[in-house]
Amino acid sequence: AALADGKARRTLDKLKLFREFYVMVVCYIYFTRIVVYLVRATLSCELGWVAKLSSELASLAFYVLVGLKFRPHADNPYLRVDDEDRDGVELQNQLQTDV
């Protein structure tokens, strides 16, 4: 029954999106904590700004990628409303107008 109405596909799409988000978060954390520390430790004091710049650029890239991944669009799996939910909302609206 799940295959007939597409619930399995929607669930798979959601899991794929979550996996991509999880990988982005892990990469961001490792880069900003480990790679930036290694850059800061290997460079001289005059070039300390390079570590800060790389950290800020990584933050900017992370926020832009997350914004692009979760921007509103027609096929966003998190914004879909099931037919069962639509029927319930239509019934509620009909009951409220009758009262």
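What you see is a predicted model, and the numbers here were worked out from it, not measured in a lab. (Residues numbered from 1 in each chain as written. Predicted model: local features only at pLDDT ≥ 70, side-chain atom pairs only at ≥ 80, totals over all residues. Heavy atoms only, no water.)

**Things to note about helix H2 (residues 7-42)**
- Under the 1.5 Å per step criterion, the end-to-end length of H2 is 51 Å for 36 residues, consistent within 8% with the ideal 52 Å.
- Along H2, the helix axis deviates most sharply at Phe31, where the bend reaches about 35 degrees.
- Every buried residue belonging to H2 is among Arg10, Leu17, Met24, Tyr28, Thr32 and Val36, and all of these are buried. (Helix = DSSP H or I, 4+ residues; strand = E, 2+ residues; numbered from the N terminus. Expected span 1.5 Å × (residues − 1). Bend = angle between axes of the 7 residues up to and from the residue. Buried < 20%, exposed > 50% of the residue type's maximum accessible area, 1.4 Å probe, protein only.)

**What to know about the pattern of salt bridges**
- Inspection of the entire model under this criterion finds 3 salt bridges.
- When the shortest N-O distance is used, the salt bridge between Lys69 and Glu20 registers 2.4 Å. Taken as a pair, Lys69 in helix H3 (residues 48-69) and Glu20 in helix H2 lie far apart in primary sequence, 49 residues in all.
- You can call Glu20 partly exposed: its relative accessible area is 29%.
- With a closest N to O distance of 3.5 Å, Lys52 and Glu56 form a salt bridge. With a gap of 4 residues between them, Lys52 and Glu56 both fall in helix H3, about one helical turn apart.
- When its relative accessible area of 52% is taken as the criterion, Lys52 is described as exposed.
- According to the relative accessible area criterion, Glu56 is partly exposed, its value standing at 43%. (Salt bridge = Lys/Arg side-chain N within 4 Å of Asp/Glu carboxyl O.)

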